[in-house]
Amino acid sequence: MDIQKDRIVSFHYNVSEPGQATLESSRGGSPLVILYGRGNIIPGLEQGLLGHAAGESFEVTVPPDQAYGEFREGLTQRVPRKHFKGAKLAPGMQVVLPTRDGQRPMTVLKVGVSVVDVDLNHPMAGKTLSFAIEVLDVREATAEEKDHGHAHGDGGHQH
Ligand code: ZN
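This write-up is about the structure you can find in this document. (Residues numbered from 1 in each chain as written. Predicted model: local features only at pLDDT ≥ 70, side-chain atom pairs only at ≥ 80, totals over all residues. Heavy atoms only, no water.)

## Focus on the coordination of the zinc ion
Point 1. Each protein donor to the zinc ion is listed here as His148 (ND1), His150 (NE2), His152 (NE2) and His159 (NE2); together their distances run 2.0 to 2.1 Å.
Point 2. Taken together, the four donor atoms surrounding the zinc ion define angles of 99 to 124° at the centre, an arrangement classified as tetrahedral.
Point 3. In primary-sequence terms, the residues that donate to the zinc ion follow H-x1-H-x1-H-x6-H.
Point 4. Judged by relative accessible area, His148 falls into the partly exposed class, the value being 34%. (Donors = N, O, S within 2.8 Å, 3.2 Å for Na, K, Ca; no water. Tetrahedral: all angles 85-135°; square planar, octahedral: opposite > 155°, others 65-115°. Buried < 20%, exposed > 50% of the residue type's maximum accessible area, 1.4 Å probe, protein only.)

Structure, rendered in structure tokens:
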């Protein structure tokens, strides 16, 4: 079965900038399980998976505008230190904080006594990303999964 809209796809991935060290990987843990074709992953990767089948391994290269967007200047914010709940902070470190738009990754720029300057660009903003994909399983989504817009079961949403 190949990857099409409204099928459930289970896959392992490694992501890096082309030719660089791995930034993030699902290998060694659980595969990613998604409802395909609903924007649950970045657009360039969704496009790159189309038509592939279980058992296939391949690479997908995604430019920034199809991944996490271009790096934007001026997305710096000053956050009271108490929001970090005593975490040890250093410039360059990536953290995730709750914001009005939900959990959001950010990069620590400067650590002060009572405030921390952060950059709100996604850590992978402005980067061309190379994904090494291994498709493990493809199946039809259930009516309930289509209705909810996400995968259920192992690796999916548990209600
Ligand atoms: Zn659900």
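## Regarding the pairing of strand β8 (residues 115-119)
Along a regular strand, successive side chains alternate from one face of the sheet to the other.
Point 1. Buried residues dominate β8, accounting for four of its five residues.
Point 2. Of the pairings in the sheet, the one linking strand β5 (residues 76-80) to β8 comprises five bridges and is antiparallel in character. When the sheet's bridge partners are listed, Pro80 is paired in β8 with Val115.
Point 3. Pairing of strand β7 (residues 102-111) with β8 involves four bridges; the strand directions are antiparallel. What sits directly across from Val108, in β8, is Val118.
Point 4. The antiparallel hairpin formed by β7 and β8 contains three residues in its connecting segment. (Helix = DSSP H or I, 4+ residues; strand = E, 2+ residues; numbered from the N terminus. Pairing = 2+ DSSP bridges.)

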